[in-house]
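The primary structure of each chain is shown beneath.
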Amino acid sequence: MRELWLFCIFLLSTPTSFAQTLRPPAVPLVTIDPYTSAWSFGDQLGGSITKHWTGRPYPMDGLIRVDGTTYRFLGAATPVMKTILPTAKQAAYTAKFTTEKPDPEWWYKEGYNISTWKQGPAPFGTHERNDNMLRGGTEFAKEIWYRREFTLSAVDFEKPTLNIFHDDDVQVYINGVPAFDCAPCFTGDYEFKPISASARKALKKGKNILAAYCKNGAGPGYIDIGLADEIAPKGADVILAAKQTGFEMRATQSVYEFDAGPVHLTVRFVAPLIMKDLDLLARPINYIVYDVKSNDGKTHDVSVLNSISGLWVTNDNSQSVTGKEANQDGLTTLSLANQTQNVLVRKGDDVRIDWGQAYLSAPAGVVKGSAIGSPSDIVKEFTQKGTLSTDQAGAAPADAKSMALVLTAGKVGTASKSLHAMLGYDDGFSVQYFGQNLRPWWNKDGNRTFQGELKKSETDFEKILQACEETDKMIYDDAVKAGGKQYAELCVLSYRQAIAAHKLVAGPSGTPLFFSKENFSNGSIGTVDITYPSAPLFLLYNPVLLKGMMEPIFYYSESGKWAKPFAAHDVGTYPLANGQTYGEDMPVEESGNMLTLTYAICKAENNIDFAKKHWKVLSIWANYLKKEGFDPANQLCTDDFAGHLARNANLSIKAIMGLACYAKMAEQLGDTKEATEVNGLVKDFAKKWMELADSGDHYALTFDDKNTWSQKYNLVWDSLLKLDVFPKAVAEKEIKYYLTKQKPFGLPLDSRKTYSKSDWIVWTATLATDPKDFDALIRPVYKYATETPDRIPLSDWHETVNGKSVGFRARSVVGGYWMKVLGERWK
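About the cut-offs
- Residues numbered from 1 in each chain as written.
- Predicted model: local features only at pLDDT ≥ 70, side-chain atom pairs only at ≥ 80, totals over all residues.
- Heavy atoms only, no water.
- Helix = DSSP H or I, 4+ residues; strand = E, 2+ residues; numbered from the N terminus.
- Rg over C-alpha atoms; globule rule 2.2 N^0.38 Å.
- Buried < 20%, exposed > 50% of the residue type's maximum accessible area, 1.4 Å probe, protein only.
- Contact = heavy atoms within 4.5 Å.
- Areas by Shrake-Rupley, 256 points an atom, 1.4 Å probe, with all protein chains shown as cover.
- Core = buried A, V, L, I, M, F, W, Y, C linked by side-chain atoms within 4.5 Å.
- Phe/Tyr/Trp six-rings, centres within 6.5 Å; stacked < 30°, edge-to-face > 60°.
- Lys NZ or Arg CZ within 6 Å of the ring centre and 35° of its normal.
- Pairing = 2+ DSSP bridges.
- Disulfide = S-S within 2.5 Å.
- Axes fitted to C-alpha atoms, helices over the stretch in contact; angles between N-to-C directions.
- Parallel < 35°, antiparallel > 145°, perpendicular 65-115°, else oblique.
- Nonpolar A, V, L, I, M, F, W, Y, C, P; charged D, E, K, R; others polar.
- Salt bridge = Lys/Arg side-chain N within 4 Å of Asp/Glu carboxyl O.
- pLDDT = per-residue confidence, 0-100.
- Arc of directions from axis to C-beta.
- Polar contact = N/O pair within 3.5 Å; in protein donor to acceptor, adjacent residues only side chain to side chain.
- Left-handed = near helix turned anticlockwise from the far one by under 90°.

S.K.: Just to check I follow, could you spell out the overall build of the protein chain for this structure?
M.R.: Each helix and strand in the protein chain was counted, giving 19 helices and 38 strands. By the compact-globule yardstick of 28 Å for 827 residues, the protein chain fits well, its C-alpha radius of gyration being 28 Å. Each principal axis of the C-alpha distribution contributes one length, and for the protein chain these read about 85 × 80 × 50 Å. By residue count, 61% of the 827 residues in the protein chain fall in the buried class. Nonlocal contacts in the protein chain, meaning residues at least 24 apart in sequence, comprise 72% of its contacts between residues at least 6 apart. Working note: accessible area of the protein chain is about 30,400 Å², and carbon and sulfur atoms make up 50% of it.

S.K.: I'm lost on the nonpolar core in this one. Help?
M.R.: One recurring pattern in soluble globular proteins: nonpolar side chains tend to sit buried together. Residues Met60, Ile64, Phe73, Trp689, Trp717, Phe726 and Trp818 are the most contacted members of the largest nonpolar core, which totals 196 residues. Of all the elements, helix H13 (residues 649–668) adds the most residues to this core, at 13 residues. Counting 29 residues, the second largest nonpolar core, distinct from the first, contains Phe150, Ile164, Ala179 and Phe180.

S.K.: So what exactly am I meant to see when it comes to the packing of aromatic side chains here?
M.R.: Under the counting rule described, the total for this entry stands at 55 aromatic pairs. A connected cluster of aromatic rings, assembled from ring pairs, spans Tyr433, Phe434, Phe515, Tyr555, Tyr556, Trp562, Phe566 and Tyr624. Over the ring of Trp826 we find Lys603; its NZ or CZ atom is 5.3 Å from the centre of that ring.

S.K.: Please clarify how unusual backbone geometry should be interpreted in this entry.
M.R.: Most of the time, phi is negative for any residue but glycine, and the peptide bond is trans. Looking along the chain, the bond that leaves Ala122 and enters Pro123 is cis, with omega of 0 degrees. Unlike most non-glycine residues, Lys722 shows phi in positive territory, near 55 degrees. Residue Ala810 is not a glycine yet carries a positive backbone phi of 55 degrees. Position of Ala810 among the secondary structure elements: in the loop between strand E38 (805–807) and helix H19 (819–825).

S.K.: Help me understand the sheet that holds strand E35 (residues 576–577) in this model?
M.R.: Backbone-to-backbone hydrogen bonds pair the strands of a sheet. The strands run either parallel or antiparallel. If you trace the three strands from one edge of the open sheet to the other, you get E32-E31-E35, paired in mixed fashion. Either end of the sheet is taken by a strand with one partner, and the two such strands are strand E32 (436–438) and E35. Sheet topology places strand E31 (residues 431–433) next to E35; two bridges connect them, and they run parallel. Paired with Gln432 across the bridge in E35 is Leu576.

S.K.: What is the right way to read the state of the cysteines from this model?
M.R.: Linking two cysteines covalently via their sulfur atoms produces the bond known as a disulfide. Applying the stated criterion to the full structure yields one disulfide. Here Cys182 engages in a disulfide with Cys185; their sulfurs sit 1.9 Å apart. A relative accessible area of 22% means that Cys182 is categorised as partly exposed. Looking at Cys602, it has no disulfide partner, and the nearest cysteine sulfur is the one in Cys661, 9.6 Å off. On the basis of relative accessible area, Cys602 is assigned to the buried category, the value being 3%. On the basis of relative accessibility, which here comes to 0%, the residue Cys661 falls in the buried class.

S.K.: Looking at this model, I keep getting lost on the packing of helix H9 (residues 543–558) against helix H12 (residues 615–628). Mind explaining?
M.R.: Helices that pack against each other are described as a pair by the angle of their axes relative to one another and the distance between those axes. At a minimum axis separation of 10 Å, H9 and H12 run at an interaxial angle of 85 degrees. Considering the angle they form, H9 stands roughly perpendicular to H12. Seen from H9, the contacting residues are Ile553, Phe554, Ser557 and Glu558; seen from H12, they are Val617, Leu618 and Trp621. When its residues are assigned to classes, the contact of H9 with H12 shows five nonpolar, one polar and one charged.

S.K.: Is there a simple way to explain the pattern of salt bridges in this structure?
M.R.: Between side chains of opposite charge, a pair can form when the charged atoms approach closely. Counting across every chain of the model gives 39 salt bridges. In this structure, Lys654 engages Glu589 in a salt bridge whose closest nitrogen and oxygen atoms are separated by 2.4 Å. Separated by 65 residues along the polypeptide, Lys654 in helix H13 and Glu589 in helix H10 (residues 587–605) bring together distant segments of the chain. The buried category is assigned to Glu589, whose relative accessible area is 1%.

S.K.: I would appreciate a short explanation of the environment of Ser48 in the present structure.
M.R.: Relative to the helices and strands, Ser48 is located in the loop between strand E2 (37–40) and strand E3 (51–52). Sequence-wise, Ser48 and Leu715 are 667 residues apart; in three dimensions their C-alpha atoms are separated by 43 Å. The contacts of Ser48, once residues within four sequence positions are left out, are Phe41, Gly75 and Ala76.

S.K.: Help me understand the pairing of strand E24 (residues 320–328), please; the structure alone is not making it clear to me.
M.R.: Regular strands have side chains that alternate between both faces of the sheet. Alignment of E24 against strand E28 (residues 396–397), held across two bridges, turns out to be antiparallel. Looking at E28, one finds that Ser320 is bridged to Pro397. Two successive antiparallel strands, E24 and strand E25 (residues 331–338), enclose a turn made up of two residues, where Asp329 displays a positive phi of approximately 60 degrees.

S.K.: For this particular structure, what's the right way to read helix H4 (residues 375–385)?
M.R.: Because an α-helix completes one turn every 3.6 residues, residues spaced three or four positions apart along the sequence face the same direction. Those residues of H4 not exposed but buried are Ile378, Val379, Glu381, Phe382 and Thr383. The inward-facing, buried residues of H4 contact strand E4 (60–66), strand E5 (69–74), strand E23 (300–309), strand E27 (367–373) and strand E29 (402–412). Where H4 ends, the next residue or the one after it, Gly386, has phi of about 80 degrees, a positive value.

S.K.: Could you clarify how one ought to interpret the confidence of the model for the protein chain in this entry?
M.R.: Interpreting fine coordinate detail is not advised for predicted regions of low pLDDT. The predicted model of the protein chain averages 95 in pLDDT, with 98% of residues at 70 or higher. For the stretch residues 1–18, pLDDT sits under 50, and the model shows 17 contacts to residues farther than four places along the chain or on other chains.

S.K.: Just checking my understanding: could you explain the sheet that holds strand E36 (residues 755–757) for this structure?
M.R.: Spatially, E36-E37-E38 is the arrangement adopted by the three strands of the open sheet, whose pairing is antiparallel. Only two strands of the sheet have a single neighbouring strand rather than two, namely E36 and E38. Taken over all neighbouring pairs, the strand axes of this sheet differ in orientation by 40 degrees on average, direction set aside. Relative to E38, strand E37 (residues 797–799) runs antiparallel, the two sharing two bridges.

S.K.: Would you explain the pairing of strand E34 (residues 512–516) in this entry?
M.R.: With five of five residues buried, E34 lies mostly within the body of the structure. Of the two faces of E34, both are covered, the one formed by Pro512, Phe514 and Ser516 as well as the one formed by Leu513 and Phe515. Summarising the sheet, strand E33 (residues 502–506) and E34 pair through five bridges and their orientation is antiparallel. Pairing of Lys503 across the sheet is with Phe515, part of E34. Once E33 ends, the chain turns through five residues before running back antiparallel as E34, passing Gly510 with a positive phi of about 90 degrees.

S.K.: Is there a simple way to think about helix H5 (residues 450–459) in this case?
M.R.: Of the residues making up H5, those classed as buried are Phe450, Gln451, Glu453, Leu454 and Ser457. One side of H5 carries all its buried residues, which in axial view fall inside an arc of 160 degrees.

S.K.: Before we go on, may I ask you to explain the side chain of Gln497 in this structure?
M.R.: For Gln497, the position within the fold is in helix H7 (residues 485–500). The buried category is assigned to Gln497, whose relative accessible area is 3%. Engagement of the side chain of Gln497 in a polar contact is seen with the backbone oxygen of Leu794, the distance being 3.2 Å. Beyond its immediate stretch of four places on either side in the chain, Gln497 contacts Trp39, Pro793, Leu794, Ala810, Arg811, Ser812 and Val814.

S.K.: Looking at this structure, I do not really get the environment of Ile735. What am I missing?
M.R.: Take Ile735: it is sitting in helix H16 (residues 728–738). Residue contacts for Ile735: discarding those within four places in its chain leaves Thr764, Leu767, Ala768, Asp773 and Leu777.

S.K.: Could you clarify how one ought to interpret the packing of H12 against H13 in this entry?
M.R.: Relative to each other, H12 and H13 sit at 140 degrees, their axes nearing to 10 Å. Judged on the interaxial angle alone, H13 and H12 are oblique. The two elements H12 and H13 meet at a crossing, and its hand is left-handed. Together, Trp615, Leu618, Ser619, Ala622, Leu625 and Lys626 of H12 and Ala655, Leu659, Tyr662, Met665 and Ala666 of H13 make up the contact between the two elements.

Pasting the structure below:
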């Protein structure tokens, strides 16, 4: 009892430390791994359908029933999308097109002469296409303009909407009126996008013209557009909305407050991502905790519905699912599974898992009802009766089957009552590693059951919640001490995203392997230049996880499967880690990254063991940098979206830092000759660098163009690891110059464009020795994170002039936000 009393006091006292004004671009709700990842893409939890980080519907519904009246607090009713004009995926069509630039003022307007345009079948795409793109149709190389005529017999639509798949930039017009414009951007599949009010009004009876322009920037290109009418729920299908009264984001929790009539509801989404505990970190189970109490001093009858869609176990709604119910170990447990279990077959970027089982479980004593069936039937029955009896056996399309539990709080007065449910996912096998299917860490020996994991999660519920509270406090306190309140909130915002973009598995020898996925940046697995920016978080709280990111790259070289004298870029396309699939090497980038991070791990663990284990291949990579690192040839670096660049000054710093780290490790391993030789080379490189890059009041982007500049974020390791290669005046001069180049939403990456990477801005800011300068560089990043118009999981690549995402989202690289904390810790 004393332990429980202390726990309650801890819960009551902790939130005062987290007073915040944080408005996340999207809120993590369930964050298990790159596949099981549910988010709210807006301010109101009950204002929109919950989505996967990719933006695809990932419905999770929450309703509370108070004295017979039902209120929605989570998710939204799925609208009926009635086709107005089919896409090529729905029905074949042809359209007029050209790949030669037409008159920019007239090509999309009625009456424009298109007699020279060709007629071709849709969709329109490049020869290279990804798995979500239809084959066939008409090919184009870089740009295409097309016009499609269609006839409408009526225009009494509720909410006309585009059904569009575009890759990359797009402009859409309806009857000559701008309807939709997005650049730079793309979709990974068909998505419903709103059209302008003026374009909706432009639709008319009879002949209409849909005109579109698409520009492919890189990779596959594709355009296909239809129209749909969004039909909102009506009559008895309309449910009252609980009034959201508060929101708080913590490292492991998203906490919402609601008033549902006379009852106050607190909803906590809890992800026990406790990095010091690998077993708990890897256990693929999250909690939803409901605390209810009376607002008016009276007693009320309260129950809560929690529903999960079949889309959690499929890539899309074309696949079918089945469900099961079990009662065991004092738990009522429901599960959904794809009818066809193709384990580790689907790979790629904008894809979702379609094997394994999703689980929804709660203590049997509070379960009032359960159901597996139609989402609308489940909601309707609970709304009207407060119970569930639906049990629709057999397979059904993923979006037509859900699983749901009703939890009862019974009579609720002014004393708070608590309920909770558990959500989990058992993928069976998580990653294929050079031909061998690997199990998740929690079941590395293959002798555990998911029901057993649910039982442990229930037994340890209070202890796990306390660990989450302690972690939340530690993360916030560490960050606020290092960089202030706004910086701390950025760290809180990115914590779950950084961790859950990985999967922890056991390697063939039982070694922890922590595989990242390059979310919306090509889907690579185990990418070195994703590991590198994310490293600060893991160096701080568990270097074992960072080693787990690097081990596959070491093995790839040490096994002879990768024979080049520099480090590989990746080990495959998620979840297949069978060898590099990225089309081009980054020799200096990845070799410098691996050398630097190896020494950082040795510092974090206070021993040289990790370097000793991999010394042979580290020496090969160091030898490459000795020859090729100082003045890099025309090649890509981690900022590959900016294109190839020769004589890259920041990449040169990376090579110098990597060699300086190698010298430190050689010295600690007793190879004083090698250490002395490399240290001499490093000093010579640094001196030459300052001469070649010097541009007066700053240092240039490249050695051969003094009228340029760039963030020298790689320099941060010089003081952090006490390498002391460059005079402190180098960083001081750069910081002073950067402060003159800031835009409203941050410091541009370099002089070529106005976009930036927020992780690199934090690294650059950490170079500042004056807290005021650090704050000046962080404030615009905070402004971006909290004011960006793009309501998606945090994007690390954004425009500094308007705060819009340029690309990428939900990536682990935001672990780099902890660089300032790491710098303070290692002073």
